[in-house]
Amino acid sequence: MILIVSDTHCYYDTVNRQIEYAENVLGHTISCVIHLGDFGIYKAQLKEYFKKKKNKFLKPLYFIDGNHEDFKSLHSLVEVYEDYFTYLPRGTVHTIGGYRFLALGGAAYMDSMITARESVITDQQIDACLAIPREDVDIIITHDCPVGIGVPSTPGLEHFGDTGFPRSDELAAHFKPKMWLFGHHHKWFHTSDDHTLYYGVSGVWKGFGLLDYDYHMSMIQNPVSWKQTTALERFFIKLRIIRPGNPEQGKI
Ligand SMILES: [Fe+2]
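Rules used throughout
Residues numbered from 1 in each chain as written. Predicted model: local features only at pLDDT ≥ 70, side-chain atom pairs only at ≥ 80, totals over all residues. Helix = DSSP H or I, 4+ residues; strand = E, 2+ residues; numbered from the N terminus. Buried ≥ 20, exposed ≤ 12 C-beta atoms within 10 Å, placed from the backbone. Contact = placed C-beta atoms within 7 Å. Pairing = 2+ DSSP bridges. Axes fitted to C-alpha atoms, helices over the stretch in contact; angles between N-to-C directions. Right-handed = clockwise from strand over helix to strand, strands pointing away. Arc of directions from axis to C-beta.

Visitor: Please clarify how the overall build of the protein chain should be interpreted in this entry.
Guide: The helix and strand tally for the protein chain stands at six helices and 12 strands. A buried classification covers 41% of the 252 residues belonging to the protein chain. Of the contacts formed within the protein chain by residues at least 6 apart in sequence, a portion of 71% connects residues at least 24 apart.

Written out as structure tokens, the structure is:
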């Protein structure tokens, strides 16, 4: 069973707490984790959690980028931490747990004042996805949601208009995937059309999804508390060295 989480925003330990809950309380066997963006690729936090405190994820973890990552250092950091987690670049297909996932991180609908320009999905990246044959993809994983499926706006961000990223409708029409998973909006969401089951996963601090065989998905609510922001983190945020987008402040 694959554990589906999103929006860790540097609070990496919440992932392990949800794995423990899924295995020890619910009695499931988790093979790996797929993280749907806003993982928290920031040098200081990664170093603190993985190198200094010598933590590891309890299961192999694959992630796509969101809009709250350090994009300038993303490629170097994912190499440094390749023994700890695996990055799925935009426009690439990966077979995990028997499914073929098309990965497309990034976002369009977001709190732009604290969001890096590199987080925006480009036409080139959409074109790269559309060049992949339809039959090569089972499930699309994105950080932002597709347009036109009815994901509600986040209070304070209504000026962005309807949720979803441009040209996602072209991806839906081309691939007609069996399933499309996304995060970013910090809301549980589910709908379907003739071809596709759509699931929006809430932030990891609220729970997770469980993807079983034959596209069976369960949404598990299990709130876990965030630890307080440390003095070091507050210092880096003040210097604008990191921008973790603290979900407690409603940042998506
Ligand atoms: Fe986000």
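Text resumes after the structure shown.
Visitor: Quick question: what am I supposed to make of the sheet that holds strand β9 (residues 189–192) here?
Guide: The strands making up a sheet are joined through hydrogen bonds of the backbone, oriented either antiparallel or parallel. Pairing is mixed in the open sheet, where six strands are placed in the order β5-β6-β7-β8-β10-β9. Lying at the two open borders of the sheet, with one neighbouring strand each, are β5 (92–96) and β9. This sheet shows a mean twist of 20° between the axes of neighbouring strands, independent of strand direction. In the sheet, β9 pairs with strand β10 (residues 197–200) via four bridges, with the strands oriented antiparallel. Among the inter-strand pairings, Phe 189 is bridged to a residue of β10, identified as Gly 200.

Visitor: How should the environment of Phe 182 be read in this particular structure?
Guide: In this fold, Phe 182 is placed in strand β8 (residues 179–182). For Phe 182, the residues in contact, after removing those within four places along its chain, are Leu 36, Thr 142, His 143, Asp 144, Cys 145 and Gly 200.

Visitor: Could you clarify how one ought to interpret the sheet that holds strand β1 (residues 2–5) in this entry?
Guide: Spatially, β4-β3-β2-β1-β11-β12 is the arrangement adopted by the six strands of the open sheet, whose pairing is mixed. Bordering the open sheet on either side are β4 (86–87) and β12 (217–221), each of which pairs with just one other strand. Relative to strand β11 (residues 207–211), β1 runs antiparallel, the two sharing three bridges. Residue pairing for β11: Leu 3 is matched across the bridge by Leu 210. Strands in contact with helix α1 (residues 13–25) are β1, β2 (32–35), β3 (61–63) and β11; relative to β1, the strand with the most contacts, it is inclined by about 140°.

Visitor: Could you clarify how one ought to interpret unusual backbone geometry in this entry?
Guide: A negative phi angle is the norm for most residues apart from glycine, just as the trans form is the norm for most peptide bonds. With a phi close to 70°, Arg 167 is a non-glycine residue in the positive phi region. The residue Asp 214 is not glycine, and still its phi comes out positive at about 55°. The topology assignment puts Asp 214 in the loop between β11 and β12.

Visitor: What is the right way to read the pairing of β2 from this model?
Guide: Regular strands have side chains that alternate between both faces of the sheet. By the bridge criterion, four bridges tie β1 to β2 in an arrangement that is parallel. Note on β2: the bridge partner recorded for Val 5 is His 35. In this view, the connection linking β1 to its parallel neighbour β2 by way of α1 has right-handed handedness. Both β2 and β3 contribute to a ladder of three bridges, which runs parallel. Of the residues in β3, the one forming a bridge with Ile 34 is Tyr 62. With respect to chirality, the unit in which β2 leads through helix α2 (residues 43–52) into the neighbouring parallel β3 is right-handed.

Visitor: It is not clear to me how helix α5 (residues 168–175) should be interpreted in this structure. Could you clarify?
Guide: For an α-helix, the turn length of 3.6 residues means that residues three or four places apart are oriented alike. For α5, every residue scored as buried is listed here: Ser 168, Leu 171, Ala 172 and Phe 175. An end-on view of α5 places all buried positions within 100° of arc, on one side of the element. Elements that come into contact with the buried residues of α5 comprise β6 (99–104), α4 (123–130) and β7 (139–142). Lys 176, located one to two residues past α5, shows a positive phi value of around 40°.

Visitor: Could you clarify how one ought to interpret the environment of Thr 8 in this entry?
Guide: By secondary structure assignment, the location of Thr 8 is in the loop between β1 and α1. A sequence separation of 195 residues divides Thr 8 from Gly 203, and the C-alpha atoms of the two residues are 6.8 Å apart.

Visitor: Please clarify how the pairing of β11 should be interpreted in this entry.
Guide: Counting buried residues in β11 gives four out of five residues, a clear majority hidden from the surface. By the bridge criterion, five bridges tie β11 to β12 in an arrangement that is antiparallel. Looking across to β12, one finds that Gly 209 is bridged to Met 219. Turn length for the β11-β12 hairpin, with the two strands adjacent in sequence and antiparallel, is five residues, and the turn residue Asp 214 shows positive phi of about 55°.

The quantities given are spatial measurements derived from coordinates; they are silent on function.
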